[in-house]
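If you want the building blocks of each chain, they are given just below.
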Amino acid sequence: MQPRRISIFDTTLRDGEQSPGASLYPEEKVRIAKQLAKLGVDTIEPGFPASSA
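Residues numbered from 1 in each chain as written. Predicted model: local features only at pLDDT ≥ 70, side-chain atom pairs only at ≥ 80, totals over all residues. Heavy atoms only, no water.

**Some thoughts on the overall build of the chain**
Along its length, the chain carries two helices and two strands. Long-range contacts, defined as pairs at least 24 residues apart, comprise 65% of the intrachain contacts of the chain with a sequence gap of at least 6. (Helix = DSSP H or I, 4+ residues; strand = E, 2+ residues; numbered from the N terminus. Contact = heavy atoms within 4.5 Å.)

**Examining the side chain of Thr11**
With respect to the element layout, Thr11 can be found in the loop between strand E1 (9–10) and helix H1 (12–17). In terms of polar contacts, Thr11 uses its side chain to reach the side chain of Asp15, at 2.8 Å. (Polar contact = N/O pair within 3.5 Å; in protein donor to acceptor, adjacent residues only side chain to side chain.)

**A closer look at the side chain of Glu45**
Tracing the chain through its elements places Glu45 in the segment after strand E2 (43–44). At 3.3 Å, the side chain of Glu45 and the side chain of Arg14 are in polar contact. When residues no more than four places from it in sequence are discounted, the contact partners of Glu45 are Phe9, Asp10, Thr11, Leu13 and Arg14.

**Thoughts on the pattern of salt bridges**
Evaluation of the coordinates by the stated rule reveals three salt bridges. For Asp42, the salt bridge identified is with Arg5, shortest N-O distance 2.7 Å. In this pair, Asp42 sits in the loop between helix H2 (26–38) and E2 while Arg5 sits in the segment before E1, placing the two residues 37 residues apart along the sequence. Looking at Asp42, the relative accessible area reads 35%, which means it is partly exposed. For Arg5, a relative accessible area of 62% gives the class exposed. Where Glu45 meets Arg14, a salt bridge forms, and the shortest distance between an N and an O atom there is 3.3 Å. In this pair, Glu45 is assigned in the segment after E2 and Arg14 in helix H1, connecting sequence segments 31 residues apart. Of the residues examined, Glu45 reaches a relative accessible area of 19% and is grouped as buried. According to the relative accessible area criterion, Arg14 is partly exposed, its value standing at 22%. Linked by salt bridges that have partners in common, Arg14, Asp15 and Glu45 make up one network. (Salt bridge = Lys/Arg side-chain N within 4 Å of Asp/Glu carboxyl O. Buried < 20%, exposed > 50% of the residue type's maximum accessible area, 1.4 Å probe, protein only.)

This is the structure in structure tokens:
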């Protein structure tokens, strides 16, 4: 029997910028994405290009 695998889908970058008054510089987004990758996050949803820079 194979062990079950849990996949992590992170929306920090997308949802974080949808909060009133919140915005991230491109460099901050890259830094956050790299840290999420180091943590082993399977999928990172960065957001929608049309809704934020």
